[in-house]
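Here is how the chains run, residue by residue.
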Amino acid sequence: MADTHFEDPRLASVYDPLDPDRSDLGVYMAIVDEFAAQSVLDVGCGTGTFACLLANLGVSVIGLDPAAASLAVARTKLGASKVHWIQGDVTALPPLQVELATMTGNVAQVFVDDVEWVSTLSVIRAALTPQGHLVFESRIPEDRAWLRWRRESSLTRVTIPGIGSLEYWVEVTDVQDGLVSFLSTFVFEQDGAVLTSSSTLRFRSEEELAVSLESAGMSVMEFRDAPDRPGREMVFIAQSRD
Ligand SMILES: C[S@@+](CC[C@H](N)C(=O)[O-])C[C@H]1O[C@@H](n2cnc3c(N)ncnc32)[C@H](O)[C@@H]1O
């Protein structure tokens, strides 16, 4: 089960309007291009922006996410009918082979438990063609992004057609042992509804991520900076050792 933010239909419907700048996907698009990947598995595809972008370029795409409400938003997008959507975590994947797997939008950090993280990576590796690649990002722990997750600095106000005015902010509720918990609050002006979603993310070091990839049968080929968030994100490119 994913967080309320992704599972609640009303919150899933405001995910894209609250974060419309998807320049973060540029680094992934460049890698798809670089490897000339013809088949991509997007793990934690959420509302499907990246999956649809690729499908519209003629790439064969599987978009996987446990949150039905986010997938419902994804299915409304241009190009959605060309994507094979699967609801669930990686255990829901049928036998398949793709040239590239991706986890955009810091999906890697939702796996707070190491056993679940390594078993997810192992299933992804099994879905890769020999020497296939996995690309994902994770926030650099030393940047301590959570210090910016305060009501005053995160407060966002948007007006969304058909939904009306929305206020959104985040507040950190706990930080310990690489785990950061926070509460997201959404206030819908139209009917005064106040919805909240609690989340916990894991901040792994570069070394912890490299070790987990090795345990799952992948080798780190390269780290990149995220051009849109320099010094804040590590972008890992790993390759299956098969
Ligand atoms: C921050 S969103 C990123 C969504 C999308 N990748 C993007 O770039 O917009 C994190 C996503 O991870 C998904 N997620 C949570 N647990 C998951 C799991 N066990 N396996 C795959 N995805 C998961 C959530 O449902 C949510 O859609």
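Before reading further, recall that the structure is shown in the block above.
(A) Structural view of the overall build of the protein. A count of helices and strands for the protein gives 8 helices and 11 strands. Against the 2.2 N^0.38 benchmark of 18 Å for 242 residues, the protein shows a C-alpha radius of gyration of 18 Å, consistent with a compact globule. A principal-axis box enclosing the C-alpha atoms of the protein has dimensions of 55 × 40 × 30 Å. Buried residues in the protein amount to 36% of all 242 residues. Relative to all contacts within the protein whose residues are 6 or more apart in sequence, the contacts with residues 24 or more apart total 61%.

(B) Expanded view of the environment of Met1. As for its placement among the helices and strands, Met1 is situated in the segment before helix 1 (4-7). Put simply, Met1 and Asp89 are 88 residues apart on the chain and 8.8 Å apart in space, counted from C-alpha to C-alpha. In this view, Met1 contacts Glu7 and Pro66; residues no more than four positions away in its chain are not counted.

(C) Representation of the pairing of strand 5 (residues 128-139). Among the 12 residues that make up strand 5, 9 are buried, leaving the element largely enclosed by the rest of the structure. Pairing between strand 4 (residues 98-103) and strand 5: 5 bridges, direction parallel. Paired with Leu100 across the two strands is His133, which belongs to strand 5. Taken together, strand 4, helix 6 (residues 114-126) and strand 5 constitute a β-α-β crossover, and its handedness is right-handed.

Reading the values: the criteria
- Note that residues are indexed from 1 along each chain, following the sequence as it is written.
- Confidence filtering applies because this is a predicted model: local features only for residues at pLDDT of at least 70, side-chain atom pairs given and counted only at 80 or more, and all residues used for totals across whole chains, interfaces and linings.
- Only runs of H or I of at least four residues qualify as helices and only runs of E of at least two qualify as strands under DSSP, and these elements are numbered from the N terminus.
- In this description the radius of gyration comes from C-alpha coordinates, and the expected globular size is given by 2.2 Å times residues to the power 0.38.
- Buried means a residue has 20 or more other C-beta atoms within 10 Å of its own C-beta, exposed means 12 or fewer, and partly exposed covers the counts in between; C-beta atoms are placed from the backbone.
- Residue pairs qualify as contacts under a 7 Å threshold applied to their C-beta atoms, which are placed from the backbone.
- In this description, strands pair whenever DSSP reports at least two bridges between them.
- Handedness rule for crossovers: strands pointing away from the viewer, path from the first strand over the helix to the second running clockwise, crossover right-handed.

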